[in-house]
Amino acid sequence: MTKTPKEVFQARFGRRRFLGTALAGAGAAILGSFPRISIAGTKTVKLGMNIPMTGDYAPWGLPGLYGCQIIANNLNTDGGVKIGGDRYMIEMVAYDHGYDTEKAIQGFKKLALQDKVKMVMMLGGSTVGSVLPFAMRRKMLTSTLLPSDITPETPYLVAPCESHPLYNVTGVEWLARKNPNAKTAVIITTNDIEYGKQSAATYNAAFEVEGIKVVDVNFHGFDVVDFAPIVSSLLAKKPDIFCMATDVYTTPIVEQLFHQGYKGKIVSCTLDGYQDVIAKTSKEFVEGLTYQFPDFDDPALNKPGINFPDPGGFDMAFNKDHAGEWSAVAWEYPSILLNWVEAAKAAGSVEPVAVTDAMKADSSPPHTFGPGKWWGKELWGLSNAVVGDWPVVAINNGKARIQEFRSVYNWLQKYNNVLKKHMQALDLRTV
Amino acid sequence: MISPRIISIVVLLVGLVILPHFLKFHHQDFLIFLGINILVVVSYRLMTLTGEWSLIHIVMMGVGAYTSALLSKSLGVSFWISMPMAGISAGFVAALLCFPLFRMTQFYFLIGSFAVGEAIRLAWIYFVKPFGGSSGINNVPPPEFWGLDFMEPIIYFYLVLTIVTICLFILYRIENSRIGLTLHAVHWQAPLAESVGVDTWRYRSLAFIIASLFVGIAGALKVHYLGIVTPHQFGVGTMVFVLIWVILGGYNTFWGPILGAVVLSVLDESFRTFEALRPAIYGALLIAGIMFLPKGFESIAPKVRAWWRSSRASPSP
Amino acid sequence: MELFLQSIINSFIQGGFFALWAVGLVLVFGVMGVVNFAHGELVMVGAYTIWVLHAQYGTPYLWSLCLAILLVMMIGLAMERFLFRPKQGDPLGGLINSIGVLFILQVVAHVVGGTGPAKQVAPPYAGTMIIGELLRIPYQRLFALAISAVALLLLWYFLTRTKLGWSLRAVAVDREAAALQGININRTSAIAIGVSGALAGLAGGLMAPMTNIYPTMGHNVLITAFIVTIVGGMGSLSGAVIAAVLYAFLHTFVTVYVSGTIATMCGLLIMVVVLIIRPTGIMGKRVSE
């Protein structure tokens, strides 16, 4: 269960010395490379994370490291993983590139060549783009959260968990079914390509499929302090649905919607820190607000078929040590870690090429929320992204609740032409 | 009789040729970026000779990088042509900007150069065709020469070493030529220089154009190694680092900025384990540096020499 | 029409903030001759103070605001005493020192706040004022606008009607003459940066309930303050205020009807035009180089 900000703050500061937080974050990298006490006869396999741990993109890196450490710890306490006749302890090695392309390359090389990791997990976007030439030449298994990084020349790059932003279609589908009278929508997102434009194209396609007209799309820069003018200009179009295809700015945008008296529906990709949103608006205002990222103490995650062990326990463990730092990636990187473990077991080896082949050989690879399918050739020339089901989350009475799981795969099978059309309209790369 | 200075330079170069073989891969990368940054600071110093400090230098590096990227990726031009073109285009843009920018001096020039630079950077973000927006341009091809693999750090390092050494040599010669002396005069004795017919505006512009030309080449070197260019690489943050290297290294000698870049980059890398705290340590170093070594690291050398001389002169008991 | 009126209100509120940001920068530059690159971070510290005291510990907002003002003022005073005073006459040295402070303050924010998503402070004055059917102004923003206006008026009074304020202006105009008149330069510098810090802390505290709080939020503040200061005139406070409001109008309307990125580009280009045509700004006095 997530705590109030005050409890969060006191929990963190009560436990640690004043500097502890930073040192813990910095030290996570160091701690991650301390060898674990191992049972005699077991080996250690190192898995790398080349992620932003400081700077503006830190929320999409560091929480993932924390999540992986929890899962790795659990696996190791159970005696490690049995791969091909040996028992392996798992060790996470992280490198902070701060979303700087030069550092991303240096980090990747250090992880691959010096730490000799068997896989590198990354966030996605230009940092992945810069490491790909080296990564593919070395045949290093690399994971990303953005399938748009995948090209026919990247056989060892996979997107096994999040396939941003394809899953957003489920929220639109669900919202449209529940609100058949909604006719128009506006979209707000950032003006970069890998997150903003990709998301806008996906939402455009999703709305078109439901017969909803997108009357305005606003691409804003990363330097916006005050969203009042932008929200005003979007609301002037009198939309029935307000769509936030953005990550960092959801709180101030929803706050503006509240202040400007918006009465329609809201759908978003993420809504990190929704308690803050409620504090700034009201419980009534956010009732029914739809987005895509569940709290992990949601009982719906305990249904059979979910490929994540004990989500509730994970949520508790995370909030015990890292309260207030949960973000959408906190469970995604661990999910990829678990995928790796499964594939390594199937391959009987930890070597990147063997594990990749094992992953691809499975025609129904495990996805976090159920069985998945390899997909992507129609858009990017290579099917290295796993798509399956994805939860539609809505706020009910101040708490995020999964409404249902919808199939991203089915949507893509039917409508990938519509998506392609919208991607091309925004000059996004497609085959 | 070869001067000791030439001998020490040759020794240094030989050392640099051997060095990467003893280093790990990501340290080899570090050397490459350090070499490129040395070209950046030395070219910047040429501008500061006229007493003008700009905040647009790093954007000119970006102009060079984007030019080389576009030429080689979209038009298939070979690196050996696109690299000098990068320098030329940066110099050309600088020439155009001379007209508005050099109507201001000193503080206003600083701010004005920042504004223009930032506007150019925003243009790269806004105009997705052809600049690729905030994701920039990727898949920029590496150089080709005799089948050498320029994606190997050691090979690329030798490329950088060669080109940067040549550029530094040229810059050194410029500084010690008549042009260089005139630049000094424009800085220290502007009214006097004008009274003998020196057009200070022309010389300031010349310094700016030459500096931009060389930093444009540095930009090409960078983009063909990384394979990617984004607007974020050329923002105020990076420019601030250039300023820091030059000021802390000292800008009274040719070697000062190089010293600054090397020392500070090495220090920055060695604090990697303190990742989250690193900027604070860096900030503290800056303050310590400017308070205790106001004339820069280069001022240590004369002090050491003086101490050495005085300790040798004193009679032994 | 509704959008137009709403944009006017938004512009005034933005203008109040821009003015607070810029005025602090002008004060320090005018009196001390140094550009304080850490000015944006001072505003950031003000915002974080509210987050810690009010959002985390529950201290009432107004008390937290006072403490924010006090804290940033003291940081400013410390900067003057230890970093700027030894570098009097060396603007590059002062600049480097301020950059050092910039880095340090950003890391402090990281340590205090952790690396989660941006911090949020729930507005203490919740609710929205609705005028007719057209205009909606959140009470928090009205409060911010009112306090900004009061602060600027107090500053104006201080500078034009008090002896201390006159001594600040004297030092800004001619340092040596002021010293010859017996004005204590160090004390005047301290007062200038103290006031600058107080204004920055106030701005940060007012912004806190209205925006994302994150360690690098000072970057935008600095750039905007620069644009406004140059256009208004580096030595002129009234120029800065007028330029702040004008720039806020320009930025808001261009953002609404075109795009936010174009708005910032326009601002930068106007700055360059002003620098070329009239370097001392709209209302600036001649600043000796």
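Residues numbered from 1 in each chain as written. Chains lettered and ligands numbered in written order. Predicted model: local features only at pLDDT ≥ 70, side-chain atom pairs only at ≥ 80, totals over all residues. Heavy atoms only, no water.

Re the overall build of chain A
Working step 1: Each helix and strand in chain A was counted, giving 16 helices and 17 strands.
Working step 2: At 21 Å, chain A has a C-alpha radius of gyration in line with the 22 Å of a compact globule built from 431 residues.
Working step 3: Across its three principal directions, the C-alpha atoms of chain A cover 65 × 55 × 45 Å.
Working step 4: For chain A, the proportion of its 431 residues judged to be buried stands at 67%.
Working step 5: Accessible surface computed for chain A: about 14,500 Å², of which carbon and sulfur atoms make up 53%.
Working step 6: Computed over 43 positive and 43 negative side-chain charges, the separation of the two mean positions in chain A equals 3 Å. (Helix = DSSP H or I, 4+ residues; strand = E, 2+ residues; numbered from the N terminus. Rg over C-alpha atoms; globule rule 2.2 N^0.38 Å. Buried < 20%, exposed > 50% of the residue type's maximum accessible area, 1.4 Å probe, protein only. Areas by Shrake-Rupley, 256 points an atom, 1.4 Å probe, with all protein chains shown as cover. Lys, Arg positive; Asp, Glu negative; His and termini not counted. Charge placed at Lys NZ, Arg CZ, Asp CG, Glu CD.)

Comments concerning helix 9 (residues 218-232) of chain C
All names here are of chain C.
Working step 1: Counted at 1.5 Å a residue, the expected span for helix 9 with its 15 residues is 21 Å, and the 21 Å between its end C-alpha atoms agrees.
Working step 2: Taking burial as the measure, the 15 residues of helix 9 include 14 buried ones, the bulk of the element.
Working step 3: With its phi angle positive at about 115 degrees, G233 sits one or two positions after the end of helix 9. (Expected span 1.5 Å × (residues − 1).)

A short note on the interface of chain A and chain C
Working step 1: Each partner contributes residues to the interface: chain A has 45 residues there, and chain C has 39 residues.
Working step 2: The shortest N-O distance in the salt bridge between A:D226 and C:R141 comes to 2.7 Å.
Working step 3: At the boundary of chain A and chain C, one finds eight residue pairs in polar contact (both at pLDDT 80 or more).
Working step 4: Contributions of two or more residues to the side of chain A that touches chain C are made by helix 1 (5-15), helix 2 (20-33), helix 8 (228-235), helix 9 (250-259) and helix 10 (274-280) of chain A. (Contact = heavy atoms within 4.5 Å. Salt bridge = Lys/Arg side-chain N within 4 Å of Asp/Glu carboxyl O. Polar contact = N/O pair within 3.5 Å; in protein donor to acceptor, adjacent residues only side chain to side chain.)

Some points on the pairing of strand 16 (residues 389-396) of chain A
All names here are of chain A.
Working step 1: For strand 16, a buried count of six out of eight residues is recorded, marking the element as mostly surrounded by other parts of the structure.
Working step 2: Pairing between strand 16 and strand 17 (residues 399-407): eight bridges, direction antiparallel. In the sheet register, V393 faces strand 17, and the bridge partner there is I402.
Working step 3: Between the antiparallel neighbours strand 16 and strand 17 lie two residues, among them N397 with a positive phi of about 55 degrees. (Pairing = 2+ DSSP bridges.)

Observations concerning the interface of chain B and chain A
Working step 1: At the interface, 30 residues of chain B touch 28 residues of chain A.
Working step 2: When chain B packs against chain A, close to 2,500 Å² is buried across both sides, 57% of that on carbon and sulfur atoms.
Working step 3: The tally of links between chain B and chain A comes to three salt bridges.
Working step 4: In this structure, the salt-bridge partner of B:D29 is A:K109, at a minimum N-O distance of 3.0 Å.
Working step 5: There are five residue pairs in polar contact (both at pLDDT 80 or more) connecting chain B and chain A.
Working step 6: Sorting the residues of the side of chain B that touches chain A by element identifies helix 2 (25-48), helix 6 (128-131) and helix 10 (200-226) of chain B as the ones contributing at least two each.
Working step 7: The element that contributes the greatest number of residues to the side of chain B that touches chain A is helix 2 of chain B, accounting for five residues.
Working step 8: Its residues assigned to classes, the side of chain B that touches chain A shows 13 nonpolar, seven polar and 10 charged. (Buried area = accessible area lost by both parts, 1.4 Å probe. Nonpolar A, V, L, I, M, F, W, Y, C, P; charged D, E, K, R; others polar.)

Observations concerning the packing of helix 7 (residues 193-209) of chain A against helix 16 (residues 408-425) of chain A
All names here are of chain A.
Working step 1: Interaxial distance between helix 7 and helix 16 falls to 9 Å at its minimum, and their mutual angle equals 120 degrees. Comparing their axes, helix 16 and helix 7 come out oblique. Seen from above, helix 7 lies across helix 16 with right-handed handedness. Residues Q198, A201, T202, N204, A205, A206, E208 and V209 of helix 7 pack against W411, Y415, V418, L419, K421, H422 and M423 of helix 16.
Working step 2: Of the residues assigned to the contact of helix 7 with helix 16, the class counts are nine nonpolar, four polar and two charged. (Axes fitted to C-alpha atoms, helices over the stretch in contact; angles between N-to-C directions. Parallel < 35°, antiparallel > 145°, perpendicular 65-115°, else oblique. Left-handed = near helix turned anticlockwise from the far one by under 90°.)

Looking at the nonpolar core
Working step 1: With 219 residues, the main nonpolar core has A:F108, B:F208, B:L221, B:I244, C:W21, C:F37 and C:L206 as its most contacted residues.
Working step 2: Excluding residues within four positions of it along the chain, C:F37 makes contact with B:V240, C:L95, C:S98, C:I99, C:L102, C:L222 and C:F226.
Working step 3: Formed by 122 residues, the second largest nonpolar core is a distinct cluster that contains A:L65, A:L166, A:A245 and A:Y274. (Core = buried A, V, L, I, M, F, W, Y, C linked by side-chain atoms within 4.5 Å.)

Looking at the sheet that holds strand 2 (residues 81-83) of chain A
Strand-to-strand pairing in sheets goes through backbone hydrogen bonds, with the strands running parallel or antiparallel.
Residues and elements named next belong to chain A.
Working step 1: Reading across from one edge, 2-3-1-4-5-6 is the order of the six strands in this open sheet, with mixed pairing throughout. At either end of the open sheet lies a strand with only one pairing partner, and these are strand 2 and strand 6 (157-158).
Working step 2: Together, strand 1 (43-51), strand 2, strand 3 (86-96) and strand 4 (120-122) form the strand contacts of helix 3 (residues 62-77), whose direction differs from that of strand 3 by roughly 165 degrees.

Some details on a nonpolar patch on the surface
Working step 1: Judged by side-chain polarity, B:I6, B:V10, B:V14, B:V17, B:I18 and B:F22 come together as a nonpolar surface patch covering roughly 550 Å² of accessible area.
Working step 2: Structurally, B:V17 can be placed in helix 1 (residues 4-18). (Patch = residues over 30% accessible without salt bridge, like charges linked within 9 Å, V, L, I, M, F, W, Y side chains within 5 Å.)

Looking at the side chain of C:K119
Working step 1: You can see C:K119 is positioned in the loop between helix 4 (91-113) and strand 1 (128-131).
Working step 2: It turns out C:K119 is buried and unbridged, and the closest side chain with the opposite charge, A:E325, is 7.1 Å from it.
Working step 3: Engagement of the side chain of C:K119 in a polar contact is seen with the backbone oxygen of C:G113, the distance being 2.9 Å.
Working step 4: Those residues in contact with C:K119 that sit more than four places away from it in its chain are C:Y48, C:W51, C:G113, C:G114, C:T211, C:N212 and C:I213.

A closer look at the domain arrangement of chain B
All names here are of chain B.
Working step 1: Partitioning chain B into domains gives domain 1 (27-234) and domain 2 (236-312).
Working step 2: Centre-to-centre, using C-alpha coordinates, domain 1 lies 22 Å away from domain 2.
Working step 3: Each side of the interface is counted separately: domain 1 has 24 residues, and domain 2 has 19 residues.
Working step 4: Taken together, both faces of the contact between domain 1 and domain 2 bury some 1,900 Å²; the carbon and sulfur share is 82%.
Working step 5: The largest per-residue losses of area from domain 1 upon contact with domain 2 belong to V41, R45 and W53, which jointly make up 30% of the total buried on that side.
Working step 6: Taken together, the links from domain 1 to domain 2 amount to three residue pairs in polar contact (both at pLDDT 80 or more).
Working step 7: If you tally residues by element for the side of domain 1 that touches domain 2, the top one is helix 2, at nine residues.
Working step 8: Partitioned by chemical class, the residues of the side of domain 1 that touches domain 2 number 16 nonpolar, five polar and three charged. (Domains from an automatic or database assignment.)

Describing the packing of helix 9 of chain C against helix 10 (residues 237-257) of chain C
Residues and elements named next belong to chain C.
Working step 1: Packing of helix 9 against helix 10 leaves a shortest axis separation of 8 Å and a crossing angle of 120 degrees. Classified by the angle between their axes, helix 9 and helix 10 sit oblique to one another. Here the hand of the crossing between helix 9 and helix 10 comes out right-handed. Within the contact between the two elements, helix 9 uses T224, I227, V228, V231 and G232 and helix 10 uses G239, A240, A243, A244 and Y247.
Working step 2: Residues of the contact of helix 9 with helix 10, tallied by class, amount to seven nonpolar, three polar and no charged.

Points about helix 13 (residues 332-347) of chain A
Residue and element names in this part refer to chain A.
Working step 1: The end-to-end C-alpha separation of helix 13 is 22 Å, in line with the 22 Å expected for 16 residues at 1.5 Å each.
Working step 2: Counting buried positions along helix 13 yields 12 of 16 residues, so the element is predominantly enclosed.
Working step 3: Those residues of helix 13 not exposed but buried are E332, Y333, P334, S335, I336, L337, L338, N339, W340, V341, A343 and A344.
Working step 4: Where helix 13 ends, the next residue or the one after it, G348, has phi of about 70 degrees, a positive value.

Considering the side chain of C:N10
Working step 1: With respect to the secondary-structure elements, C:N10 resides in helix 1 (residues 2-32).
Working step 2: Contact partners of C:N10, with chain neighbours within four places excluded, come to A:A228, A:P229, A:S232, C:R141 and C:T252.

Examining the environment of B:A211
All names here are of chain B.
Working step 1: Counting through the fold element by element, A211 comes out in helix 10.
Working step 2: On the basis of relative accessible area, A211 is assigned to the buried category, the value being 0%.
Working step 3: For A211 and Y44, which are 167 residues apart along the polypeptide, the C-alpha to C-alpha distance reads 5.9 Å.
Working step 4: Discounting chain neighbours no more than four positions away, the residues touching A211 are S43, L46, M47 and H57.

A closer look at the domain arrangement of chain A
Residue and element names in this part refer to chain A.
Working step 1: Domain parsing of chain A yields domain 1 (5-164 + 299-387) and domain 2 (168-291 + 390-425).
Working step 2: Measuring from the centre of the C-alpha atoms in domain 1 to the corresponding centre in domain 2 gives 28 Å.
Working step 3: Every contact between the two is made by 30 residues of domain 1 and, on the other side, 25 residues of domain 2.
Working step 4: Looking at the side of domain 1 facing domain 2, the largest losses of area belong to H164, W375 and L379, adding up to 26% of the total buried there.
Working step 5: Linking domain 1 with domain 2 are zero salt bridges, by the criterion used here.
Working step 6: Counting residues per element, the ones that place at least two in the side of domain 1 that touches domain 2 are strand 14 (373-375) and helix 15 (377-380).
Working step 7: Top element by residues in the side of domain 1 that touches domain 2 is helix 15. It accounts for three residues.

A few points about the pattern of salt bridges
Residue and element names in this part refer to chain A.
Working step 1: In this structure the tally under the stated criterion is 21 salt bridges over all chains.
Working step 2: As a salt-bridge pair, R177 and E210 come within 3.4 Å of each other at their nearest N and O atoms. Residue R177 is found in helix 6 (residues 168-178), and its partner E210 is found in the loop between helix 7 and strand 8 (213-220); the two are separated by 33 residues along the sequence.
Working step 3: D298 is paired through a salt bridge with R401; the nearest N and O atoms lie 3.6 Å apart. You can see D298 sitting in the loop between strand 11 (290-291) and helix 12 (311-322) and its partner R401 sitting in strand 17, a full 103 residues away along the chain.
Working step 4: Among the residues examined, D298 registers a relative accessible area of 3% and is labelled buried.
Working step 5: When its relative accessible area of 30% is taken as the criterion, R401 is described as partly exposed.

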